[in-house]
Amino acid sequence: MTFLEDLWNKCSERKFVLVLFFALPTCVLIGKWLTGEVPITISIEPSVVLVGDQVTLSCQLTDSVPSNMSVLWYKMEKGRDAPLCSSSSLGGVVEQCQDEEQWRIVGRWQRRAFLLVIRQVQVADEGAYVCAVNSSVVTQEATTHLDVTAIGDKPTLDRDLQEESMCRYACKSKQWYPKPEVIWMNYGGDTVNVEAKTNVTWSERDHFMVQSTITVPCDNVDVVCVIKLIKSKISRSGSMNEIIMPQSSICTYKGRIKGSYEKPKVMWVNHQGEDLSSLAQTSILQEMDNIFAIESSIEIPCGQPPPSFVTTDREWSPQISQQSENSNLSWIIYFLLLVLLPAYLQKQIENQKKEIENVKEIENQKKEIENVKEIENQKKEIENQKKEIENQKQEIDDIKVDGDTAHPNLSIAEDKKSFTHKSQAQKVTQNEGSFDSSVCVLGSEGFSSGKHYWEVDVEKSDDWDLGVARKSAPRKGIISLSPKEGFWALGLSFKDYWARIDPWTRLAVQKNPMKVGVYLNCEEKILTFFNVTDMSVMFTFKDCAFSEEVYPFFKNSHKESTMGICLVREE
């Protein structure tokens, strides 16, 4: 600072004409900086930066900064500064300092603003960024901090029965950043007054991963898991009641417009001209000076006519041009149009409505016909499966369970055909292949080809799951029954039957089964569950991504109850 003050004093005292003549621009610049005027400011757009999105850091230079000053963007790193881009003069050629990842981070000029654009933002991009302007005698810097946010997956809940009618709820989610907080609440929004066991871990691939558990009485199903980013006030919640029935079919319509000179206004309207914009999600992204790209999407029930996507300039207003000649004739024509045109347009609208109604009626008839055909095809498919199962019973596999995979609380019978959920853990040797949290066991033989069928007696248990599991499916810790985790299962819990897909689907069952038949067709990648009581189909998994050997899977969460694999050939 001594050099700068000395140079300023020389300029202000005007003692050295040569110094004043040659260094006048620098003296003026230094004078403004010393008096407190900030020549550069930094802004970030958008303010909340999500992983995978694009962010722009703007270094705005005031008029006091000479055009021959060089400008540099760099990031402050531990032990070193990483240059990103630079320019030797205001508005000059930009030199990109990094060539990795096809210039994911680039700089460019926009008038007197030196922009730093980061595409496909990563967590590693978070940190302090510096914009520096300098010459041979003076340097000025401005610093900003880029905060990166990753909104994780919707929390999933799983429930396990514990001792004394207590149930453990497990909440899992990943892809969060920064480190989130877990709050257990009820549906009314009040905090559940129960001690939670929460574990938050970090990995480069999945960011912060959350696993939290609480134990409450089984009759208390008023439980919601909320995962929250405190700083940005962003949260997501998950509950058991959200996994009920699939919602009705929803159609998504998307619109995109690019190239408007003035910032436009976009609207969605239905076939009756009503504004649906409140239901839409619209993004307007500025790409260059006065050039905008507009993206918008809207979701409505599929049975409704498609909406229209329209755009107008914000400052646009209708204009009526007049001609200098034949003005009276022009006014007469204009008057006739003013009177007749609305009636004509109204008639056209009525005709269009009738056409739309006719089209809707035709479409509904087509859907009814297609639904009838689909129902007939499903009936044929079910009948074929029943016939296959009857044939398969003649060559049934002798399914037994593998005691080395059993949870410690499962007592396995000598013939390996039945198992009982005991209140106390059995004296068995734990190994890598056994389940340690969920009361499960696998079959002793895996299948990668052929057709297989077995029946399970479930009459004495009111909390069970059956199906198949990949050989590599998880067996340690809290498991989530879904195909993406390697489990294709159907079960009974909360006095309802569920298909363990994502999300779970409640099934309509006419008669409670005493036995459940499991039919596996490896070639067609189909797994079907039958109610043996009336031989009705309970649920079918299609296009199963087995990818490796699958093993019969059994889970019995009802204490002191026994489940058994039936000897079908003896019936």
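Within every chain, residues take consecutive numbers counted from 1 along the sequence as written. Confidence filtering applies because this is a predicted model: local features only for residues at pLDDT of at least 70, side-chain atom pairs given and counted only at 80 or more, and all residues used for totals across whole chains, interfaces and linings. Remark: hydrogens and water are excluded; side-chain values derive from all non-hydrogen atoms of the structure.

A. How the structure looks around the overall build of the protein chain. Each helix and strand in the protein chain was counted, giving four helices and 36 strands. Element-wise, carbon and sulfur atoms account for 49% of the exposed surface of the protein chain, whose accessible area totals about 33,700 Å². Each helix corresponds to a stretch of at least 4 residues labelled H or I by DSSP, and each strand to a stretch of at least 2 residues labelled E; elements are numbered beginning at the N terminus. In these tables, accessible area is a Shrake-Rupley quantity obtained with a 1.4 Å probe, and a residue counts as shielded only by the protein chains included in the view.

B. Quick peek at the pattern of salt bridges. For this document, the term salt bridge refers to a Lys or Arg side-chain nitrogen within 4 Å of an Asp or Glu carboxyl oxygen. Applying the stated criterion across every chain yields a total of ten salt bridges. With a closest N to O distance of 2.8 Å, Arg104 and Asp125 form a salt bridge. One end of the pair, Arg104, is in the loop between strand E6 (94-96) and strand E7 (105-110); the other, Asp125, is in the loop between strand E8 (113-118) and strand E9 (127-134), and 21 residues separate them in sequence. Asp125 carries the same exposure label as Arg104, and that label is buried. We note a salt bridge from Asp463 to Arg159, for which the minimum N-O separation is 3.4 Å. Throughout, exposure labels follow a simple rule: accessible area from a 1.4 Å probe, protein chains only, divided by the maximum for the residue type, with under 20% read as buried, over 50% as exposed, and the rest as partly exposed.

C. Spotlight on the environment of Ile44. Assignment of secondary structure puts Ile44 in strand E1 (residues 40-45). Classification of Ile44 by relative accessible area gives partly exposed; the value is 21%. Distance from Ile44 to Thr56, taken between C-alpha atoms, is 5.9 Å for residues twelve residues apart in sequence. Contacts are assigned to residue pairs with any non-hydrogen atoms lying within 4.5 Å of each other. Filtering out sequence-adjacent residues up to four positions away, Ile44 remains in contact with Val49, Val55, Thr56, Leu57, Thr144, His145 and Leu146.

D. Structural detail: the state of the cysteines. Criterion for a disulfide: a pair of cysteine sulfur atoms at a distance within 2.5 Å. One pass over the structure, following the stated rule, counts three disulfides. Across a sulfur-sulfur distance of 2.0 Å, Cys167 and Cys218 are joined as a disulfide pair. Here the disulfide of Cys167 and Cys218 is right-handed, its torsion about the S-S bond being about 100 degrees. Here the residue Cys167 occupies a position in strand E13 (residues 166-176), and Cys218 occupies one in the loop between strand E16 (207-217) and strand E17 (224-229), the gap between them amounting to 51 residues. The two residues Cys167 and Cys218 agree in class, both being buried. Covalently, Cys171 is tied to Cys225 through a disulfide, its sulfur atoms 2.1 Å apart. Residues Cys171 and Cys225 share a disulfide whose torsion about the S-S bond is about -75 degrees; that sign makes it left-handed. Taken together, the positions of Cys171 in strand E13 and Cys225 in strand E17 put the pair 54 residues apart, joining distant regions of the chain.

E. Representation of the sheet that holds E7. Paired strands, in this sense, are two strands between which DSSP finds at least two bridges. An order of E1-E3-E8-E7 is seen for the four strands of this open sheet, with the pairing classed as antiparallel. Strands at the two margins of the open sheet, each flanked by one partner only, are E1 and E7. The sheet shows a mean angle of 20 degrees between the axes of neighbouring strands, taken without regard to direction. Bridge analysis of E1 against strand E3 (residues 55-61) gives six bridges, and the strand direction is antiparallel. When the sheet's bridge partners are listed, Ser43 is paired in E3 with Ser58. The axes used here are C-alpha line fits, helices contributing only the stretch in contact, and every angle between their N-to-C directions lies in the interval 0 to 180 degrees.

F. Highlighting unusual backbone geometry. At the junction of Glu45 and Pro46, the peptide bond is cis and its omega measures out at 0 degrees in the coordinates. Tracing the backbone through its elements, the reader meets Pro46 in the loop between E1 and strand E2 (49-50). Following Tyr177, the chain continues to Pro178 via a peptide bond in cis, the omega torsion being -5 degrees. Along the polypeptide, Pro178 turns up in the loop between E13 and strand E14 (181-185). The phi torsion at Gln120 lies on the positive side, around 45 degrees, for a residue other than glycine. Along the chain, Gln120 falls in the loop between E8 and E9. Take Gln120: its relative accessible area is 58%, and that puts it in the exposed class. The backbone of Gln175 shows a phi angle near 70 degrees, a positive value even though the residue is not glycine. Mapped onto the fold, Gln175 is located in strand E13.

G. Region of the structure containing the side chain of Ser70. With respect to the element layout, Ser70 can be found in strand E4 (residues 70-77). Any pair of N or O atoms that falls within 3.5 Å is considered a polar contact. Within protein, one atom must be able to donate a hydrogen and the other to accept it, and sequence-neighbouring residues count only if both atoms are side-chain atoms. A polar contact is formed between the side chain of Ser70 and the side chain of Asn134, at a distance of 3.0 Å. The contact partners of Ser70, leaving out residues within four places of it in the chain, are Ser87, Ser88, Ser89, Ala132, Val133 and Asn134.

H. Focus on the sheet that holds strand E27 (residues 451-457). With respect to topology, seven strands assemble into an open sheet ordered E24-E25-E36-E27-E32-E33-E34, the strand pairing being antiparallel. Only two strands of the sheet have a single neighbouring strand rather than two, namely strand E24 (410-412) and strand E34 (536-541). Each strand of the sheet is rotated relative to its neighbour by a mean of 20 degrees, with strand direction disregarded. Of the strand pairs in this sheet, strand E25 (residues 418-421) and strand E36 (residues 562-565) are connected by three bridges, and their pairing is antiparallel. The residue of E36 that forms the bridge with Phe419 is Met563.

I. Expanded view of the confidence of the model for the protein chain. A score from 0 to 100, pLDDT tells how confident the predictor is in each residue. Considering every residue of the protein chain, the mean pLDDT works out to 78; 77% of them sit at 70 or more. Averaged over each element, pLDDT in the protein chain is lowest for helix H2 (residues 17-22) (34) and highest for strand E35 (residues 550-556) (97). Within the model, the stretch residues 314-328 combines pLDDT values under 50 with six contacts to residues more than four positions away or in other chains.

J. Spatial organisation of the packing of aromatic side chains. Note on aromatic contacts: the rings of Phe and Tyr and the six-membered ring of Trp form a pair at centre separations within 6.5 Å, being stacked when their planes are under 30 degrees apart, edge-to-face when over 60 apart, and tilted otherwise. One pass over the full model with this rule turns up 13 aromatic pairs. Both rings, one in Phe419 and one in Phe554, keep their centres 5.6 Å apart while their planes meet at 55 degrees; by these two values the pair is tilted. Of this pair, Phe419 sits in strand E25 while Phe554 sits in strand E35, and the two are 135 residues apart along the sequence. Taking the relative accessible area as the measure of exposure, Phe419 reaches 1% and is therefore buried. Residue class for Phe554 comes out buried when judged on its relative accessible area of 1%. Whether a charge lies above a ring is judged from NZ of Lys or CZ of Arg, which has to be within 6 Å of the ring centre and within 35 degrees of the ring normal. A cation over an aromatic ring shows up here: Arg500 above the ring of Trp504, its NZ or CZ 4.1 Å from the ring centre.

K. Main features of the nonpolar core. If you look at the biggest cluster of nonpolar residues, it comprises 35 residues, and the most contacted ones within it are Trp454, Trp464, Leu466, Leu520, Phe529 and Phe554. Setting aside anything within four residues of it in sequence, one finds Leu520 in contact with Phe447, Gly450, Lys451, His452, Trp454, Val468, Ile526, Leu527, Phe546 and Val550. In this text, buried Ala, Val, Leu, Ile, Met, Phe, Trp, Tyr and Cys residues form a nonpolar core when linked through side-chain atoms within 4.5 Å. Counting 26 residues, the second-largest nonpolar core is a separate cluster that includes Val55, Val65, Leu84 and Ala142.

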